[in-house]
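Coordinate inspection notes
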Amino acid sequence: MAQNATIYKIELSVSDMDRHYYETHKLTVAKHPSETDERLMVRIVAFALNAHEHLELTKGLSTDNEPDIWQKSLSGEIDVWVALGLPSEKVIRQSCSKAAKVIVYPYGGRTAEIWWDKVKNGTTRFDNLRVISFSETDTAALAKLASRAMKLQVNIQDGEVMVSVDESVVYIAPDSWKGAA
C-alpha cells in the first residue's frame, strides 16, 4: 500500500527588501513520502525568494510535467517555473520553452556542482534561465527547522536570506550560477 503525503501547515512571512515585497502566506504543503525535510525546506525558501500573490506550490514530485512551484498569468501562461534539485538538460530545455522565466535551485554540495558542470554548456542559449545554488551546509541547517506546523519568517536583503522559526535562525547565501544575481 502506498504511503500518503504528510501535510505541513506553514505561515510564511516574507520581507524581501530587494524586491520590496512584504506579505504573509498561509501554505498547506503536502510532503511526498520520498521527499526529505531538506527538500521540503528548500521548496519553502524557493517560494519565499519568488513570493508573489499568484505564486503556487504544485503537486511537485508526484507530477512529471509540472515544476515544484509556478506562477501563472491571469490568462493561464506560465510566467515563472521553479524547479528544485538536478533536472536533466532535456527537462530544462522543455521548461524554458514553456515559461517566461525558469529558476532552478540545485542543492546537494559536490553532487550539484558535478550536475552543473555536465549541463551548463547546454543551457547557454536560454536567456530566461536562472540557476541559484544552495550550499550543503545551508540546506542541512534548514532541514533541522522542519516541523508539521511552522511559522517561518524569511528576510531577504542584498541577496542574503535569513530564515527563522521560533528562536532558531539560519542564514543562507544563495550562489547564482547562471542569470542575473
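Residues numbered from 1 in each chain as written. Predicted model: local features only at pLDDT ≥ 70, side-chain atom pairs only at ≥ 80, totals over all residues. Heavy atoms only, no water.

Take the packing of aromatic side chains next. Going through the model one piece at a time under the given rule, you end up with 3 aromatic pairs. Taken together, the aromatic side chains of Trp 115, Trp 116 and Trp 177 make up a single cluster linked through ring pairs. The ring of Tyr 21 carries the charged tip of Arg 19 above its face, separated from the ring centre by 5.4 Å. (Phe/Tyr/Trp six-rings, centres within 6.5 Å; stacked < 30°, edge-to-face > 60°. Lys NZ or Arg CZ within 6 Å of the ring centre and 35° of its normal.)

Residue position: Asp 138 is located in helix α4 (residues 136–143). Comment: no salt bridge for buried Asp 138; closest opposite-charge side chain is Lys 144, at 11 Å. At a separation of 3.2 Å, a polar atom in the side chain of Asp 138 contacts the main-chain amide nitrogen of Ala 173. For Asp 138, the contacting residues outside a window of four places in its chain are Val 170, Tyr 171, Ile 172 and Ala 173. (Helix = DSSP H or I, 4+ residues; strand = E, 2+ residues; numbered from the N terminus. Buried < 20%, exposed > 50% of the residue type's maximum accessible area, 1.4 Å probe, protein only. Lys, Arg positive; Asp, Glu negative; His and termini not counted. Salt bridge = Lys/Arg side-chain N within 4 Å of Asp/Glu carboxyl O. Polar contact = N/O pair within 3.5 Å; in protein donor to acceptor, adjacent residues only side chain to side chain. Contact = heavy atoms within 4.5 Å.)

Looking now at the pattern of salt bridges. Summed over all chains, the structure comprises 8 salt bridges. With a closest N to O distance of 2.8 Å, Arg 43 and Glu 35 form a salt bridge. Glu 35 shares its class with Arg 43; the two are buried. Taking the shortest distance from any N to any O, the salt bridge between Arg 110 and Glu 113 comes out at 3.2 Å. With Arg 110 and Glu 113 both in helix α3 (residues 110–119) and 3 residues apart, this pair spans about one turn of that helix. What makes Glu 113 partly exposed here is its relative accessible area of 37%. Residues joined by salt bridges that share partners form a network here, namely Glu 35, Arg 39, Arg 43 and Asp 68.

Purely spatial values, then, with no claim about function.
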